[in-house]
Amino acid sequence: AGQLAGGGGAALPLYQRVLALQPNRTEALEGREDTLADLLAQARVSLQRGELSEASSRIRRAQAADPGHVDLPDVLAQLTRVGELHRAKADGELRRGRLSEALEAYLAALSAMPDDAAAERGLAQVATAYALRSQKYAADFRFDDAEAALRDARAISLQARGVAGAGPRP
């Protein structure tokens, strides 16, 4: 029915349950292998479409089911390349001061690679840059712009340098 992974009625969890009870059941082993291959093929299509979160989710499900699957290293490498490209783009946008573009690219990198510490640091730098922009606007008496920039900074990270203590002073 096209339900490969996810809910309890999907193919992968059903094969996993059968194999937990009968580990040498050939039909279940072959079915699980076919399901994992299909799941990884769907992940490749998601990558090609730019659906990074969906691709990452499918790859992680396959990895959890069989970390040694033959197709997994290639698909993981593709996902990593895409994530790194987005992070590199984000780094460039941040250097150019294009904060909304940097934010978008860092979020894309994180949807591909949720544990990417460099992308997390980049997000914090974007938040800090928004906080600094807010201070500059306030110094120029552009209070609406200052408040908007500070709101953007806080939406990204309350812990970023310059964000937590930023705001109007009494």
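Relevant structure appears above.
Small disclaimer: the values here were computed from a predicted structure and weren't measured.

Draft legend 1. Up close: the overall build of the protein chain. On a plain count of helices and strands, the protein chain comes out with 7 helices and 0 strands. For the protein chain, the succession of helices and strands along the chain, N to C, is α-α-α-α-α-α-α. Computed over its C-alpha atoms, the radius of gyration of the protein chain comes to 22 Å, more than 25% above the 15 Å expected for a compact globule of 170 residues. Projected onto the principal axes, the alpha-carbon positions of the protein chain cover approximately 75 × 30 × 25 Å.

Draft legend 2. Structural view of helix H5 (residues 99-112). The end-to-end C-alpha distance of H5, which contains 14 residues, comes to 20 Å, matching closely the 20 Å that a straight helix rising 1.5 Å per residue would cover. Against helix H3 (52-65), helix H4 (72-95) and helix H6 (117-139) lie the buried residues of H5.

Draft legend 3. Structural context of the side chain of Ser 46. Along the chain, Ser 46 falls in helix H2 (residues 26-49). Take Ser 46: its relative accessible area is 1%, and that puts it in the buried class. Ignoring any residue separated from it by four or fewer positions in sequence, one finds Ser 46 in contact with Glu 51, Glu 54, Ala 55 and Arg 58.

Draft legend 4. Up close: a negative patch on the surface. There is a patch of like negative charges on the surface, built from Glu 30, Glu 33, Asp 34 and Asp 38. With respect to the helices and strands, Asp 38 occurs in helix H2. Take Asp 38: its relative accessible area is 43%, and that puts it in the partly exposed class.

Draft legend 5. Focus on the nonpolar core. Grouped together as the largest cluster of nonpolar side chains are 20 residues, with contacts concentrated most on Leu 94, Tyr 106, Val 126, Tyr 130 and Val 163. Elements represented by at least two residues in this core include exactly H4, H5, H6 and helix H7 (143-156). Excluding residues within four positions of it along the chain, Tyr 130 makes contact with Leu 99, Ser 100, Ala 149, Asp 152, Ala 153 and Ile 156. Grouped together as the second largest cluster of nonpolar side chains are 17 residues, Leu 47, Ala 55, Val 75 and Leu 79 included.

Draft legend 6. Molecular detail of the environment of Ser 100. Topologically, Ser 100 is positioned in helix H5. Ser 100 gets classed as partly exposed once you look at its relative accessible area, which sits at 42%. Separated by 52 residues in sequence, Ser 100 and Asp 152 have C-alpha atoms that sit 9.3 Å apart.

Draft legend 7. Spotlight on the packing of H6 against H7. It is at 8 Å that the axes of H6 and H7 come closest, and there the two elements cross at 165 degrees. Taken as axis vectors, H6 and H7 run roughly antiparallel relative to one another. By crossing handedness, the relation of H6 to H7 is classed as left-handed. Side by side, H6 and H7 meet where Leu 123, Val 126, Ala 127, Tyr 130, Ala 131, Arg 133, Ser 134, Tyr 137 and Ala 138 of the first sit next to Phe 143, Asp 145, Ala 146, Ala 149, Leu 150, Asp 152, Ala 153 and Ile 156 of the second. Classifying every residue of the contact of H6 with H7 by side-chain character gives 13 nonpolar, 1 polar and 3 charged.

Draft legend 8. View of the pattern of salt bridges. If you walk through the whole model with that rule in mind, you get 9 salt bridges. Where Arg 25 meets Glu 27, a salt bridge forms, and the shortest distance between an N and an O atom there is 3.1 Å. For Glu 93, the salt bridge is made with Arg 98, and the minimal N-O distance between the two is 3.0 Å. Since its relative accessible area comes to 7%, Glu 93 is described here as buried.

Draft legend 9. Local environment of the packing of aromatic side chains. Using the criterion set out here, one finds 1 aromatic pair in the structure. With a centroid separation of 5.9 Å and 80 degrees between ring planes, the pair formed by Phe 141 and Phe 143 is classed as edge-to-face. Judged by its relative accessible area of 66%, Phe 141 falls in the exposed class.

Parameters and conventions
- Residues numbered from 1 in each chain as written.
- Predicted model: local features only at pLDDT ≥ 70, side-chain atom pairs only at ≥ 80, totals over all residues.
- Heavy atoms only, no water.
- Helix = DSSP H or I, 4+ residues; strand = E, 2+ residues; numbered from the N terminus.
- Rg over C-alpha atoms; globule rule 2.2 N^0.38 Å.
- Expected span 1.5 Å × (residues − 1).
- Contact = heavy atoms within 4.5 Å.
- Buried < 20%, exposed > 50% of the residue type's maximum accessible area, 1.4 Å probe, protein only.
- Patch = residues over 30% accessible without salt bridge, like charges linked within 9 Å, V, L, I, M, F, W, Y side chains within 5 Å.
- Areas by Shrake-Rupley, 256 points an atom, 1.4 Å probe, with all protein chains shown as cover.
- Salt bridge = Lys/Arg side-chain N within 4 Å of Asp/Glu carboxyl O.
- Lys, Arg positive; Asp, Glu negative; His and termini not counted.
- Charge placed at Lys NZ, Arg CZ, Asp CG, Glu CD.
- Core = buried A, V, L, I, M, F, W, Y, C linked by side-chain atoms within 4.5 Å.
- Axes fitted to C-alpha atoms, helices over the stretch in contact; angles between N-to-C directions.
- Parallel < 35°, antiparallel > 145°, perpendicular 65-115°, else oblique.
- Left-handed = near helix turned anticlockwise from the far one by under 90°.
- Nonpolar A, V, L, I, M, F, W, Y, C, P; charged D, E, K, R; others polar.
- Phe/Tyr/Trp six-rings, centres within 6.5 Å; stacked < 30°, edge-to-face > 60°.

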